[in-house]
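Each chain is listed here by its residues.
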Amino acid sequence: MSEKSRDELDREEVAETGEPDAAVEESAEETDEVATDRLDAPEELAEDDERGAETSAIVRKTAKAPVRKKDRPTPKREDAKDDEDPYKAKNPAHFARQSAGELKRVVWPTWPQTLTMFGAVLVFVLIMIAIVGVLDLAFGWSLLKLFGS
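Please read all numbers here as calculations on a predicted model, not as lab measurements.

Basis of the calculations
Residues numbered from 1 in each chain as written. Predicted model: local features only at pLDDT ≥ 70, side-chain atom pairs only at ≥ 80, totals over all residues. Heavy atoms only, no water. Helix = DSSP H or I, 4+ residues; strand = E, 2+ residues; numbered from the N terminus. Buried < 20%, exposed > 50% of the residue type's maximum accessible area, 1.4 Å probe, protein only. Contact = heavy atoms within 4.5 Å. Areas by Shrake-Rupley, 256 points an atom, 1.4 Å probe, with all protein chains shown as cover. Salt bridge = Lys/Arg side-chain N within 4 Å of Asp/Glu carboxyl O. Polar contact = N/O pair within 3.5 Å; in protein donor to acceptor, adjacent residues only side chain to side chain. pLDDT = per-residue confidence, 0-100.

## Here's the deal with the overall build of the chain
Check the secondary structure of the chain and you find five helices and two strands. For the chain, the α and β elements follow one another from N to C terminus as α-α-β-α-β-α-α. Across the 149 residues that make up the chain, the buried fraction comes to 3%. Intrachain contacts of the chain at a sequence separation of at least 6 include 31% that bridge at least 24 residues. Accessible surface computed for the chain: about 14400 Å², of which carbon and sulfur atoms make up 59%.

Structure (C-alpha cells):
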C-alpha cells in the first residue's frame, strides 16, 4: 500500500465531490470544541529517516472561541434619539451663568507656576524669532546675490 500525503487525499476528495470545502467541513464537524492541526516535526522526521520507519505527525489542539449571539437587533439611524446637549444655553444670561460656574471650577496656577510658564514661553518665542530672523537674512542675502542690485 503506498503512502499518500494529506494534500493528495484532499485533492482526490475534491475531485470526487467537486466541492473544495467538503473535506474541511467534514473535519470541522468531526471536532466539536477543539480544532486540530497536523504538523510534521523535523526532529522526528530525521529520526524516522535514519531508522527507515514511517514519518509520524504531531497533533496540535487549539480551542475555538465561543460565539455569542446578539440578544437584540441593531437600532436604525432614524430611530436614534437626538440627545439634547445639557450645557446648551437657552439665552445669553444663562450662558454667562454657565461660564461663571465653569470658571469657579478651574484650578488656577500659583504665582510661581505662572512665572515659570511665562519664562518658558518667552524663551521659546525668542528662539523662534532668532531662527526666523536668521532664515530671513540668509534667503534675502542669497536672492540679492542671485539677482543682484
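Structure's up, so let's keep going.
## Quick word on the pattern of salt bridges
One pass over the structure, following the stated rule, counts one salt bridge. Measuring nitrogen to oxygen at the nearest pair gives 2.7 Å for the salt bridge that ties Glu102 to Arg105. Linking Glu102 with Arg105, this pair stays in helix 4 (residues 92–105), spanning three residues, or about one helical turn. Among the residues examined, Arg105 registers a relative accessible area of 60% and is labelled exposed.

## As for the environment of Ser99
Tracing the sequence through the fold places Ser99 in helix 4. On the basis of relative accessible area, Ser99 is assigned to the partly exposed category, the value being 28%. Expressed as a C-alpha distance, the spacing of Ser99 and Ala89, which sit 10 residues apart in the sequence, is 9.9 Å.

## Focus on the environment of Thr74
Mapping Thr74 onto the fold places it in the loop between strand 2 (58–63) and helix 4. Separated by 2.4 Å, the side chains of Thr74 and Lys70 make a polar contact.

## Re the confidence of the model for the chain
Chain-level statistics for the chain give a pLDDT mean of 76 and a share of 62% at 70 or above. When pLDDT is averaged over each helix and strand of the chain, the minimum, 47, is found for helix 2 (residues 22–30) and the maximum, 97, for helix 5 (residues 111–147). Here residues 22–33 is modelled with pLDDT under 50, and outside its nearest four sequence neighbours on either side it reaches 11 contacts, counting other chains as well.

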